[in-house]
Structures are given as C-alpha cells and as structure tokens.
Amino acid sequence: MSIALDPREREKVFQPPAAPLASHLPIIGGTLEYVDSPLATMFRRYRQHGPVSDLHILGQTWTAMLGPDACQIALQNPDKAFANGPGWGYLVGPFFDRGLMLLDFAEHKHYRTLMMEAFTRPRLEGYTRTLAPLVDEGIAAWRPDPAFQIYPALKSHTLDLATSVFMGGAELAEPGEIERVNTAFVDCVLAANGWVRTTTPNPFTKWGRAARGRRILEDFFRRHLPARRANPGEDLFSVLCQVADASGGIDDDDIINQMIFLLMAAHDTTTSTVTSIVFELGRDPRWQARLREQCLELGPTPTIAEIEDVADLDLVMKETLRLHPPVPVLARRAVKDTEVLGVPIPKGRFVAIMPMLSHHLPEYWTDPEIFDPARFSPERREDKSHRFAWEPFGGGVHKCLGMVFANMESKLVLSALLRNFEWSVPLDYVPPMRNDSLPYPIDGLPVDLRPLD
C-alpha cells in the first residue's frame, strides 16, 4: 500500500533531496531517498531529469521509466529488449524463482497459456463459491475497536482465504504450520531491498531469512501435492495439478514454483488493496455509505456476476488502485542495447518502470491527489487520457494474469466489511509507511471500527 501525497509530501516534490550526498554514495545511492518518500522521489526525478534517467539504487545503476509514454514503451517491449527474469531476479529471484513473473519470451508464453486454465470464467465462479462464505464468516468474527489495526487483520484473513481457495483448505496443514508459511512469505517479500544479498542462512539478514522461508514453502507444497493430485477440488493447487498432468508441460517443481509465486501475489495485493480502500472510505463517509447501501443488497454470499454488477464498487476499486498501487515499481533488465524516448540504454542495465507516478500526474488527472472515484465513471473516464495513465496491474504480455481474481477477492472482502461494520479515520492521519519492499503501514493503520446498527 502507498499513501498519496499529503501537504507535507507535496512540499518535498520540488525541493532538493533531504540528504543530497546519499544519492552519490556507493551501494546506498538513491535508496535512502526512495525509501523515505517514493512518490516525491519519482516526481522530483521526472521534473528535473525527464521521463528516462539513471539512478543508483542497491548497488546498481538503474534506468528509471517515468510517465505513461516511457512506461508504455518498456511494458509493451516491442523490440524485446527488456526481460523480467534478470530484473526481478536481482531483487527476489532466489525466493520466487521460476514464477510466471520471472519468465520471459517463449517460455513465459508457454507457461502463461497453460496457467490461464486456472483463471477461466468457470474456475473464477468456483473460487467465488468457495470464498464468499469464508470471507463473510471471517470478517463477522472481528471485534470492534476504536484503534482496530486493519492491515494485520486483513493480512491474516487473506492468508486464510488463500489457503482455502488455492490449496483446498487449512485441514492439510499441521498445527502452527500456516503461521510459519505466513512468516516465510513475508520474509521472501521483504528480501527485495536487502543490503546483504547472499542466500547463506543467516537470521540477521533479509536474504538469509528469505532463503529459509523459500525452503519452508517448497517443503509445504511438496508434501501436500500428492493429496491435491489424488483428490482434486475447486482450488487452484488442484487445477495446476490437473493442467500439469493433461499437458505434460509442467512438472512437480514447476507446480511448486508457480504456487509459491501465485500465493504471494494474491495474498499481498489483496491485503494492500483492501487496506487502502478502508483508509480512503474511512475518510469519506459519503462514499462509504453509498457503497454500503449497495452491498447490503448483495447478501453474504454473492456470485461473481453479482459483485461485478455493483458499478460503484468498481469505481472505488479503480480509484484506490490509482492512488495506492500495491506494486509501485516494476523491475526489468535490458538484454540488448536499445533506447527509450531517445535515451540510450545499454545491454545489462537494470530498468525500474514506475507506473505509480503516472497515476498522480496532473497532466492526465483532475486534482490527482483527491480521492474521487467518479473520475472513472462512463461520463468522465479520466483513465482514457492516455493508454498507460492507469496501469496498476502492469501491461504488455506480463500484465497480471490473476487481476480478475484479485479484484473479485478484494470486492468480496470489502463487501463483507461494509455489511458488518462502519469505520472512520481522522482526516489529518497519514500512515507511517515502510517502503523498503512492497509498501505497508508500520502502525497497522488503526481505524475506529464500529458494529453496523
């Protein structure tokens, strides 16, 4: 989750970095500046250096792609100059190795085609049937609190949901195993901005903890794979086993690699998205009441078609993803010499695609720092100002395969929240964010959660 610029952040945009020397230091480079304020850093670089420029982060020179024109070229990748694997691989490769996001070109196309079977409309309808009652039961069990920490509560709940819809239920797990799996996922994600980049087991480094986490995840899926193959259900683990057996194109190691990647992607993006929506609706009681009225008509177990029919739910989702994209930066690496908007990029250069900035540029959005879901309404459609003005799910051949599933799950969780509770967030509250991996609120984002009368 990432929070839009508040007035204090606006002042940072056109000021020099707080610590100018840091951007020139070896290894550290611009890392500290980015961690302090990602969006302000993007704005400053875009205004001072243009849409394509070099910066030094985590011991490497990266070429930043800022603004929809540069992002479009990099994401569509017309001359196949940029690869995902060696880009993301530098950040999290050892821990999400061979996941779909880290595959490229013909190999990526092969696996993506096979895995699309897990996200067909009938499959999504089955996942919804499984999720809807579990979502409602889990949310209804929450206890009201004037300082309810929404982020950890959602993170725990979405992991429980992922266990059911991806793996067929927590009954597979041994006592305490789900908690260990959750910790393992968190450790793998946090490795992205680790300073000591060695996979030698070491509980004092991010990469060391992530290496241990990867082994825990591999062991978990490998032990449960035979049961899913022998007694398949409507869960994604069962579907991948069936696809593998039918196609011959995915072996057991491939299934495990994809499951680790998909569970991470679904778990973190749903948590981030719903947390951000709760934050925005907590500051906008008018939109909260408007959505609640519509969600109360759905009942506790809506179908995917019924969820999709709530147009305002879609508007709020899109506007929240604009302000708070779960993944603000996408990694690539140049596999041959190329250029973007006239700027040469040598083979081997790391590339940071930053669609988050496009979501906030006043050239494309009216009052971009204002929460205004109606900007996505048919009458306005501000997202049509540029084909790549709004890209929270990436673009090109690597556009998120599970984005329909992610939207469906997020809407189910939000619908259950609206039917069970009302909440508020002080207008002057700005969550303290940790930005050294996928962004999240350090304080858990407390909200005043009250039972719905």
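Rules used throughout
- Residues numbered from 1 in each chain as written.
- Predicted model: local features only at pLDDT ≥ 70, side-chain atom pairs only at ≥ 80, totals over all residues.
- Heavy atoms only, no water.
- Phe/Tyr/Trp six-rings, centres within 6.5 Å; stacked < 30°, edge-to-face > 60°.
- Helix = DSSP H or I, 4+ residues; strand = E, 2+ residues; numbered from the N terminus.
- Buried < 20%, exposed > 50% of the residue type's maximum accessible area, 1.4 Å probe, protein only.
- Lys NZ or Arg CZ within 6 Å of the ring centre and 35° of its normal.
- Pairing = 2+ DSSP bridges.
- Contact = heavy atoms within 4.5 Å.
- Axes fitted to C-alpha atoms, helices over the stretch in contact; angles between N-to-C directions.
- Parallel < 35°, antiparallel > 145°, perpendicular 65-115°, else oblique.
- Left-handed = near helix turned anticlockwise from the far one by under 90°.
- Nonpolar A, V, L, I, M, F, W, Y, C, P; charged D, E, K, R; others polar.
- pLDDT = per-residue confidence, 0-100.
- Core = buried A, V, L, I, M, F, W, Y, C linked by side-chain atoms within 4.5 Å.
- Patch = residues over 30% accessible without salt bridge, like charges linked within 9 Å, V, L, I, M, F, W, Y side chains within 5 Å.
- Areas by Shrake-Rupley, 256 points an atom, 1.4 Å probe, with all protein chains shown as cover.
- Salt bridge = Lys/Arg side-chain N within 4 Å of Asp/Glu carboxyl O.

Draft legend 1. Main features of the packing of aromatic side chains. For the coordinates displayed, the defined rule picks out twelve aromatic pairs. Here Y151 and Y440 contribute two aromatic rings whose centre-to-centre distance is 5.7 Å and whose plane-to-plane angle is 15°, an arrangement assigned as stacked. Residue Y151 is located in helix α8 (residues 150-167), and its partner Y440 is located in strand β11 (residues 440-441); the two are separated by 289 residues in the primary sequence. Taking the relative accessible area as the measure of exposure, Y151 reaches 13% and is therefore buried. Here the aromatic residues W62, Y90 and F350 are joined through ring pairs into a cluster of three or more. Sitting above the plane of the W287 ring, R290 keeps its charged end 4.1 Å from the centroid. We note R322 situated over the ring of W365; from NZ or CZ to the ring centre the distance is 5.2 Å.

Draft legend 2. Layout of the sheet that holds strand β2 (residues 60-66). Read from one edge to the other, the open sheet built from five strands follows the order β1-β2-β8-β5-β3, with strand pairing classed as mixed. In this open sheet, the two edge strands, each paired with only one partner strand, are β1 (52-57) and β3 (82-83). Relative to strand β5 (residues 330-334), β3 is paired through two bridges, and the arrangement is antiparallel. What sits directly across from A83, in β5, is R333. Along the sheet, helix α3 (residues 38-49) makes contact with β1, β2 and β8 (350-354), crossing β1 at roughly 135°.

Draft legend 3. Spotlight on the packing of helix α11 (residues 236-247) against helix α12 (residues 252-282). Interhelical geometry of α11 versus α12 gives an angle of 150° and a closest axis separation of 11 Å. Accordingly, the angle class assigned to the pair α11 and α12 is roughly antiparallel. Crossing of α11 over α12 shows right-handed handedness. Between α11, through L236, F237, L240, C241 and A244, and α12, the contact on the second element is made entirely by I255, Q258, M259 and L262. Considering only residue class, the contact of α11 with α12 consists of eight nonpolar, one polar and no charged.

Draft legend 4. Molecular detail of the environment of F166. Here F166 lies in helix α8. Since its relative accessible area comes to 2%, F166 is described here as buried. Spatially, the C-alpha atom of F166 lies 7.3 Å from that of L263, the residues being 97 residues apart in sequence. Excluding its chain neighbours within four sequence positions, the residues that come into contact with F166 are D235, L236, F237, M259, L262, L263, A266 and F405.

Draft legend 5. Quick look at the environment of G213. Within the secondary structure layout, G213 lies in helix α10 (residues 206-230). Accessibility expressed as a relative area gives 1% for G213, which makes it buried. Spatially, the C-alpha atoms of G213 and N231 are 27 Å apart, while their sequence positions differ by 18 residues. Sequence-distant contacts of G213, defined by excluding residues within four places in its chain, comprise A184 and C188.

Draft legend 6. Structural context of the confidence of the model for the protein. In this model, the protein carries a mean pLDDT of 88, and residues with pLDDT of at least 70 account for 92%. This model gives residues 1-26 a pLDDT under 50, and the stretch forms 55 contacts once residues within four places in sequence are excluded.

Draft legend 7. The arrangement of the nonpolar core in detail. One finds M65, W142, F166, L281, F405 and W423 to be the most contacted residues of the largest nonpolar core, which totals 135 residues. The element that contributes the greatest number of residues to this core is α12, accounting for 14 residues. Those residues in contact with L281 that lie beyond four places of it in its chain are W287, Q288, L291, V316, F371, L414, L418 and W423.

Draft legend 8. Spotlight on a nonpolar patch on the surface. A surface patch of nonpolar side chains, amounting to about 300 Å² of accessible area, comprises L32, W195 and V196. Structurally, the position occupied by L32 is in helix α2 (residues 31-36). Taking the relative accessible area as the measure of exposure, L32 reaches 45% and is therefore partly exposed.

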